[in-house]
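Here is what each chain is made of, one letter per residue.
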Amino acid sequence: MAAGMYLEHYLDSIENLPFELQRNFNLMRDLDQRTEDLKGKIDSLAKEYTANARTLSSEQKLSILRQIQQSYSKCKEFGDDKVQLAMQTYEMVDKHIRRLDTDLARFEADLKEKQIESTDYDSTSSKGKKVETRQKEKKTAKTRSKVKSSDEDGSPKSAQKKVKLLQPGEFNSPANNFGNVHPSDVLDMPVDPNEPTYCLCHQVSYGEMIGCDNTDCSIEWFHFACVGLTTKPRGKWYCPRCSQDRKRK
């Protein structure tokens, strides 16, 4: 429940409280006035009794004493009624105070619950972002591991050396060799901008690759598809550029 709702309901409940308090106070004031009137009557009767005690008959004396006694009884009744009104007024105010305390406690509980829900949501959202980040890091690590593995398999230092699948005569010119590179052969994968590129296509390492046996080769590593290979060749293998350079020599 919103704070406005608590306040609105509480104001509705105490709307008639001022009128009820005013009514009780007026009744108590009236009882006080009636009690004061009776006290004045008692004083008059007492003075009459003491002044004329010798001249009054027994019946007159008893009549005055009865009137005084009845007046005192009325004063006691008025006092009891006033006490009852005072207690009623106190209970009336105390009831609204207790309700206000209860509403405040509920309002504070609602605020704490909303704060806890907000904290849980922020914590869950933060955990979700961390999990997502970890998953992305794992995927990147797996991709790099695969690339590294493929590099090791195609290493020119390995025991099983590749043999040229294409004879030097098949490469008429460097331009023809470069034309054999198909962009569709390049895998669509996320690339680290800091990762080195290889081959005639200037892409990162992926899949099977072959190393040029020319130690001075500027590129060194090539994708099978980019140089027209399907299997690992036997013997020494030179890239198209190095093959052209060897022919010129």
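Up top is the structure these notes are about.
This write-up is about the structure you can find in this document.

Rules and cut-offs
- In every chain, residue numbers begin from 1 and rise along the written sequence.
- The predicted origin of the model limits local features to residues at a pLDDT of at least 70 and limits the giving and counting of side-chain atom pairs to 80 or more, whereas totals for whole chains, interfaces and linings rest on all residues.
- Hydrogens and water are ignored here; the side-chain numbers use all heavy atoms of the structure.
- Strands here are runs of E lasting at least two residues and helices are runs of H or I lasting at least four, both read from the DSSP assignment and numbered beginning at the N terminus.
- Here, residues are in contact when the closest pair of their heavy atoms is within 4.5 Å.
- Burial classes: relative accessible area under 20% of the type maximum marks a residue as buried, over 50% as exposed, and values in between as partly exposed (1.4 Å probe, protein chains only).
- We define a polar contact as two N or O atoms separated by no more than 3.5 Å, with the added condition that, inside protein, one atom must be a possible hydrogen donor and the other a possible acceptor, whereas residues neighbouring each other in sequence contribute only through side-chain atom pairs.
- In this scheme, a helix's expected span is set at 1.5 Å multiplied by one less than its residue total.
- Whenever Lys or Arg places a side-chain nitrogen within 4 Å of a carboxyl oxygen from Asp or Glu, that contact is recorded as a salt bridge.
- Centres within 6.5 Å make a pair out of two Phe, Tyr or Trp rings, where for Trp the six-membered ring is used; the pair is then stacked when the planes are under 30 degrees apart, edge-to-face when over 60, and tilted otherwise.
- Disulfides are defined in this document as cysteine sulfur pairs within 2.5 Å.
- To form a nonpolar core, buried Ala, Val, Leu, Ile, Met, Phe, Trp, Tyr and Cys residues must be joined to one another through side-chain atoms within 4.5 Å.

1. A look at the overall build of the protein chain
And step 1. Secondary structure assignment for the protein chain yields 5 helices and 2 strands.
And step 2. Listing each helix as α and each strand as β along the protein chain from the N terminus yields α-α-α-α-β-β-α.
And step 3. Contacts in the protein chain between residues far apart in sequence, at least 24 positions, make up 61% of those at least 6 positions apart.

2. A few points about the side chain of T89
And step 1. Topologically, T89 is positioned in helix α3 (residues 58-153).
And step 2. Among the residues examined, T89 registers a relative accessible area of 7% and is labelled buried.
And step 3. A polar side-chain atom of T89 sits 3.0 Å from a polar atom in the side chain of N24.
And step 4. Non-local contacts of T89, meaning those with residues more than four positions away in its chain, are made with L21, N24, F25 and M28.

3. Looking at helix α2 (residues 17-51)
What sets the pattern is the α-helix's 3.6 residues per turn: residues three or four places apart point alike.
And step 1. Over its 35 residues, α2 runs 51 Å from end to end, which matches the ideal 51 Å to within 8%, given 1.5 Å per residue.
And step 2. Of the residues making up α2, those classed as buried are L17, L21, N24, M28, L31, T35, L38, I42 and L45.

4. As for the pattern of salt bridges
And step 1. One pass over the full model with this rule turns up 7 salt bridges.
And step 2. A salt bridge links K39 to E36; the shortest N-O distance between them is 3.7 Å. Taken together, the residues K39 and E36, both in helix α2 and 3 residues apart, mark about one turn of the helix.

5. A few points about the packing of aromatic side chains
And step 1. Evaluation of the coordinates by the stated rule reveals 1 aromatic pair.
And step 2. Ring centres of F222 and W237 lie 5.8 Å apart, and the angle between their planes is 70°; this geometry places the pair in the edge-to-face category. Here the residue F222 occupies a position in strand β2 (residues 221-223), and W237 occupies one in the loop between β2 and α5 (240-248), the gap between them amounting to 15 residues. Summarising the burial analysis for this pair, F222 and W237 share the class buried.

6. Focus: the state of the cysteines
And step 1. Evaluated as defined, the whole model comprises 0 disulfides.
And step 2. With no disulfide partner, C201 has as its closest neighbouring cysteine sulfur the one in C226, 3.8 Å distant.
And step 3. The structure places no disulfide on C217, whose sulfur is separated from the nearest cysteine sulfur, that of C239, by 3.8 Å.

7. Some remarks on unusual backbone geometry
And step 1. A positive phi is found at C199, a non-glycine position, where the angle reads about 65°.
And step 2. Summarising the element assignment, C199 is placed in the loop between α4 (174-179) and β1 (209-211).

8. Focus: the nonpolar core
And step 1. With 16 residues, the main nonpolar core has I210, C212, C217, F222, W237 and C239 as its most contacted residues.
And step 2. The next biggest cluster of nonpolar side chains, apart from the first, holds 11 residues, and it includes L31, I68, C75 and F78.

Such coordinate-based values are descriptive only and should not be taken to indicate function.
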